[in-house]
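Per-entry structural report
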Amino acid sequence: MRFTEFNFHPNLLEGIEASNYENATPVQEQVIPPIMLGKDVIASAQTGTGKTAAFLLPVMNTLLANHVDGQVGALIIVPTRELAIQIAQHIEGLSYFTHLSSLPIYGGNDAQNFVAEKKALQMGADIIVCTPGRMIAHLNMGYVNMKGLQFLILDEADRMLDMGFQDDINKIIKSLPTKRQNLLFSATMPSKIRDLARKILHEPVEINIAISKPPEKIIQKAYVVYEPQKLPLIKKILKETPYKNALIFCSRKQTVKQLTRELKHGGFTIAEIHSDLEQAERENVLSAFTAGRIPVLVATDILSRGIDIDTIDVVINYDVPGDGEDYVHRIGRTARAEADGSAFTLIGEKEHNRFAAIEKLLGKEVEKIEVPKELGEAPSYNPRTRSGSGSRKPQRKFYRGAPKRR
Ligand code: AMP
């Protein structure tokens, strides 16, 4: 499903486009519509599924229509300052072309920040992302104004309860207006989360995104590269790895077209599949691939689900897919039935975080192989670098002052 189908505000769509999101992930497809309808939602979804944008986008869209000056529109409570910062960056990216203001509120920073936080909590900001402890510190001072709050979002709720934040959360909720829309996200759904949900949510829509794990027999490896190294590396892998059928995935069809062109020039017998091809053309390409007449196929994620060709023994991810589910589906195209298979992922400079999220989901690190020396020096794996996802916007600082003018 494409983002243009959600009826989002044009300025929000611009932010989505600048973040290089083309299609909604499964959790986004399921979570966005009920939130847009004003429903409470409880969703079990892990990091790496695109869950943050799943709640941010409909919340931002509503706030763009229902902004109230001088009020906090949405409060997102998260377990750690790292997550608060990460979500605030996500908001910055997606809201870049809007007038929405936001602020992360977390402990351990300086007095100047406390003043800015106090101001936002008194004078309003569209979205506040906070850790429970710091929010309680502000609440105790008596100036927090949540009268106009429209959304309460609890993210990684299971982790918050594990960290002992239950009482803090209850206290924060007591300070909120009772009429509001509530969203609860949790990687797991133990009974204590269900109890919390019963207290907070009103007739929630329940969404469960079960993440499948790839079969153990798929050998997964990854290369950490600079973007220009991707093409020569793919050529090298295709030349040096024995395969019957190799399937290369790219997230965008423009990349599929460009890579196919380059590899054709390089002498490979290759074809492409993406949504610009008619159904009949796709079927022709697939049957030539299955029959071995075309050994290499470059495809978008339209091919990552469902197709079952047992001669695919190599899958290459030209880029890191947007969510863990797509990764599992992509690499699951190999090692079908009794066959073995290898999956190589090329991690570009801006894709470290995204890949780390996938590894978290897999519950293990994927082996990183050294980039061949003749391709030049390669970067080291550093998932702390934010994956701005090739965004065309400059990285801005958080809003730390008065709300933006509209
Ligand atoms: P999350 O599960 O929210 O931590 O997101 C994991 C990663 O996926 C983040 O780097 C997001 O920027 C990215 N992401 C979220 N939604 C999409 C999408 N629809 N297409 C591509 N990337 C996405």
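Residues numbered from 1 in each chain as written. Predicted model: local features only at pLDDT ≥ 70, side-chain atom pairs only at ≥ 80, totals over all residues. Heavy atoms only, no water.

At 3.6 residues per turn, the α-helix brings residues three or four places apart onto the same side. Look at helix α12 (residues 279-290): 16 Å from first C-alpha to last across 12 residues, which is about the 16 Å you get at 1.5 Å a residue. Buried residues of α12: Val285, Ala288 and Phe289, and no others. Looking straight down α12, one finds that the buried residues subtend no more than 105 degrees of arc, so they occupy a single side. In this structure, the buried side of α12 is in contact with β9 (245-249), β10 (270-273), β11 (296-299) and β12 (312-317). At the C-terminal side of α12, Gly292 shows a positive phi close to 90 degrees. (Helix = DSSP H or I, 4+ residues; strand = E, 2+ residues; numbered from the N terminus. Expected span 1.5 Å × (residues − 1). Buried < 20%, exposed > 50% of the residue type's maximum accessible area, 1.4 Å probe, protein only. Arc of directions from axis to C-beta. Contact = heavy atoms within 4.5 Å.)

A few words now on the environment of Val320. Structurally, the position occupied by Val320 is in the loop between β12 and α13 (324-331). Residue classification places Val320 among the buried positions, given a relative accessible area of 0%. In this structure, the C-alpha to C-alpha distance between Val320 and Arg354, residues 34 residues apart in sequence, is 7.0 Å. Leave out the neighbours within four places in its chain, and Val320 touches Ser251, Thr345, Leu346, Ile347, Glu351, Arg354, Phe355 and Ile358.

What follows concerns the pattern of salt bridges. Tallying each qualifying case throughout the model produces 19 salt bridges. For Lys253, the salt bridge is made with Asp276, and the minimal N-O distance between the two is 3.3 Å. Here Lys253, found in helix α11 (residues 253-265), pairs with Asp276, found in the loop between β10 and α12; they are 23 residues apart in sequence, far enough to count as distant. Each of Lys51, Asp155, Glu156 and Arg159 takes part in salt bridges that share partners, so that together they form one network. (Salt bridge = Lys/Arg side-chain N within 4 Å of Asp/Glu carboxyl O.)

This brings us to the domain arrangement of the chain. We note that the domain assignment places domain 1 (3-209) and domain 2 (218-375) within the chain. Placing the centre of domain 1 and that of domain 2 at their C-alpha centroids yields a distance of 35 Å. Counting from both sides, the interface comprises 9 residues of domain 1 and, opposite them, 10 residues of domain 2. Carbon and sulfur atoms make up 49% of the surface buried where domain 1 meets domain 2, a total of about 810 Å² over both sides. Inspection of the domain 1/domain 2 interface yields 1 salt bridge. Taking the shortest distance from any N to any O, the salt bridge between Glu22 and Arg252 comes out at 3.7 Å. On the surface where domain 1 and domain 2 come into contact, there are 0 residue pairs in polar contact (both at pLDDT 80 or more). Of the residues in the side of domain 1 that touches domain 2, the class split is 1 nonpolar, 7 polar and 1 charged. (Domains from an automatic or database assignment. Buried area = accessible area lost by both parts, 1.4 Å probe. Polar contact = N/O pair within 3.5 Å; in protein donor to acceptor, adjacent residues only side chain to side chain. Nonpolar A, V, L, I, M, F, W, Y, C, P; charged D, E, K, R; others polar.)

What follows deals with the side chain of Gln229. By the element assignment, Gln229 lies in the loop between β8 (218-224) and α10 (230-240). Judged by relative accessible area, which is 6%, Gln229 ranks as buried. Engagement of the side chain of Gln229 in a polar contact is seen with the backbone oxygen of Gly376, the distance being 3.5 Å.

A general tendency of soluble globular proteins is for nonpolar side chains to be buried together. Formed by 39 residues in total, the largest nonpolar core has its most connected members in Phe55, Leu57, Ile76 and Ile87. Sort the elements by how many residues they give to this core and helix α3 (residues 51-65) lands first, with 8 residues. When residues no more than four places from it in sequence are discounted, the contact partners of Ile76 are Phe55, Leu56, Ile87, Ile91, Ile127, Ile128, Val129, Cys130 and Ile153. Formed by 34 residues, the second largest nonpolar core is a distinct cluster that contains Met146, Leu149, Leu161 and Leu201. (Core = buried A, V, L, I, M, F, W, Y, C linked by side-chain atoms within 4.5 Å.)

Turning our attention to the packing of helix α6 (residues 132-141) against helix α8 (residues 166-174). Packing of α6 against α8 brings their axes to within 10 Å, and their N-to-C directions diverge by 45 degrees. Considering their axes alone, α6 and α8 lie oblique with respect to each other. In this structure, α6 crosses over α8, and the sense of that crossing is left-handed. Within the contact between the two elements, α6 uses Pro132, Gly133, Met135, Ile136, Leu139 and Asn140 and α8 uses Asp168, Lys171 and Ile172. Looking at the contact of α6 with α8, its residues break down into 5 nonpolar, 2 polar and 2 charged. (Axes fitted to C-alpha atoms, helices over the stretch in contact; angles between N-to-C directions. Parallel < 35°, antiparallel > 145°, perpendicular 65-115°, else oblique. Left-handed = near helix turned anticlockwise from the far one by under 90°.)

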